[in-house]
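# Summary of the model geometry
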Amino acid sequence: MEIAARFELKYILSLAERDALLAHFPGRLLPDMLGGPTGHYPVVSLYYDSADRKCYWDAWRGVPSRRKLRLRLYGTNDGAIPAATFLEIKHRDGGAGAKRRVQLSLGQAIAFTNGAEALETTPADARILAEARQLISAEGFQPACVIRYDRHAYRLVDEAGHEQLRLTFDQGIRCRFDDLTPRTEDDGCTLPVLHAGQCLMEVKGATAAPYDFARFLSGHGIFPRPFSKYSESVRQYGATPALSA
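Fair warning: this is a prediction, and the values are worked out from it, not measured in the lab. (Residues numbered from 1 in each chain as written. Predicted model: local features only at pLDDT ≥ 70, side-chain atom pairs only at ≥ 80, totals over all residues. Heavy atoms only, no water.)

What follows covers the overall build of the protein. If you tally the helices and strands in the protein, you get six helices and 10 strands. A compact globule built from 245 residues should have a C-alpha radius of gyration of about 18 Å, and the protein, at 18 Å, falls within 12% of that. By its C-alpha atoms, the protein is 50 × 45 × 35 Å across when sized along the principal axes. The proportion of buried residues among the 245 residues of the protein is 44%. (Helix = DSSP H or I, 4+ residues; strand = E, 2+ residues; numbered from the N terminus. Rg over C-alpha atoms; globule rule 2.2 N^0.38 Å. Buried < 20%, exposed > 50% of the residue type's maximum accessible area, 1.4 Å probe, protein only.)

This part takes up the pairing of strand E10 (residues 198-205). Here E10 lies mainly inside the structure; seven of its eight residues are buried. Judged from the five bridges that link them, strand E8 (residues 163-176) and E10 form a sheet pairing that is antiparallel. Paired with Phe-169 across the strands is Met-201, a residue of E10. (Pairing = 2+ DSSP bridges.)

In terms of nonpolar packing, the biggest core is built from 43 residues, with Leu-69, Leu-71, Leu-87, Phe-141, Ile-147, Ile-173 and Tyr-230 touching the most fellow members. Sequence-distant contacts of Ile-147, defined by excluding residues within four places in its chain, comprise Val-43, Val-44, Ser-45, Tyr-47, Ile-173, Arg-174, Cys-175, Cys-189, Lys-229, Tyr-230 and Ser-233. In terms of nonpolar packing, the next biggest core, distinct from the first, is built from 18 residues, Phe-7, Tyr-11, Tyr-154 and Cys-199 among them. (Core = buried A, V, L, I, M, F, W, Y, C linked by side-chain atoms within 4.5 Å. Contact = heavy atoms within 4.5 Å.)

Before going further, it helps to examine the side chain of Glu-131. Take Glu-131: it is sitting in helix H4 (residues 123-138). The class of Glu-131 is buried, set by a relative accessible area of 14%. Sequence-distant contacts of Glu-131, that is, excluding residues within four places in its chain, are made with Arg-67, Ile-89 and Arg-100.

Per the counting criterion, the structure on display carries 25 salt bridges. In this structure, Arg-70 engages Glu-88 in a salt bridge whose closest nitrogen and oxygen atoms are separated by 2.8 Å. Of this pair, Arg-70 sits in strand E4 (residues 65-74) while Glu-88 sits in strand E5 (residues 84-93), placing them 18 residues apart in sequence. Judged on exposure class, the residue Arg-70 and its partner Glu-88 are both buried. The residue Arg-101 makes a salt bridge to Glu-88 at a minimum N-O spacing of 3.4 Å. Linking Arg-101 in strand E6 (residues 96-104) with Glu-88 in strand E5, this pair joins segments that are 13 residues apart in sequence. Accessibility classification places Arg-101 together with Glu-88 in one group, the buried group. Residues participating in the shared-partner salt-bridge network are Glu-8, Lys-10, Lys-90, Arg-92, Arg-151, Asp-170, Glu-202, Lys-204 and Lys-229. (Salt bridge = Lys/Arg side-chain N within 4 Å of Asp/Glu carboxyl O.)

Attention shifts here to the packing of aromatic side chains. The geometry of an aromatic ring pair comes down to the distance between the two centres and the angle between the two planes. In total, this model carries eight aromatic pairs according to the counting rule given. Ring plane angle 75 degrees and centroid distance 6.0 Å describe the contact between Tyr-74 and Phe-86, whose orientation is recorded as edge-to-face. Within this pair, whereas Tyr-74 is found in strand E4, its partner Phe-86 is found in strand E5, the two being separated by 12 residues in sequence. Of note, Arg-133 hangs over the ring of Phe-112, and the distance from its end group to the ring centre comes to 4.1 Å. Just above the ring of Tyr-149 sits the side chain of Lys-229; from NZ or CZ to the centre is 4.5 Å. (Phe/Tyr/Trp six-rings, centres within 6.5 Å; stacked < 30°, edge-to-face > 60°. Lys NZ or Arg CZ within 6 Å of the ring centre and 35° of its normal.)

Attention now goes to helix H5 (residues 211-219). Within the sequence span of H5, burial applies to Phe-213, Phe-216 and Leu-217. End-on view of H5: buried residues confined to an arc of 95 degrees, all on one side of the axis. Exposed and facing more than 90 degrees away from the buried side of H5 are Tyr-211 and Gly-219. Trailing H5 by a residue or two, Gly-221 shows a phi angle of about 65 degrees, which is positive. (Arc of directions from axis to C-beta.)

Structurally, Ile-128 is set in helix H4. C-alpha of Ile-128 to C-alpha of Val-102: the two residues are 26 residues apart in sequence and 7.2 Å apart in space.

Structural data, given as structure tokens:
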């Protein structure tokens, strides 16, 4: 499955700024029901990278076209949100991004990235798995970091109920660089990536943000900035081999 190219902007907010934003758009910022009735769910990701941290350094250099490979786990242990695992490729090309992903069981996904043959699947999924295999074999991608956080997801809609933007607020972002086997609702990540009282807001859409939304952000001194959970985790805690000339 490929999710179409879209813009994606990131902001570091205090929780008070997040609450003020939600309160400013009553009836228009609605919980994303894909995450359950409240739009709140845990996310666990296993990121892959080469031994010399190619993904990290490509992002640091600002390489225009770059790809990231990860396993993403959704769900809760009590089954209130069903468990689901996706092998994902995030492709950044200039200012636009696309996500290609295949749903597998966690065991199948880990076995595949360890060299097992892919299961019989659709032609579209087979192309994505072939791309993932190429990243693993040619780029030397291997498990590098597990990241866990709590996500609150919303849709910004207009007066007619048409979706204008998707907003996610990620807080409690934590990582680890050992025990690289992710688990549903993983509680083994202990290294904080953001300060307490902060969250990461991601704004995603196919067209420009509505004027009133953009005006609220600028009026409160909230501006986008580059941010990658994986890159920030590596910068703070992970070994980063020297950048080659």
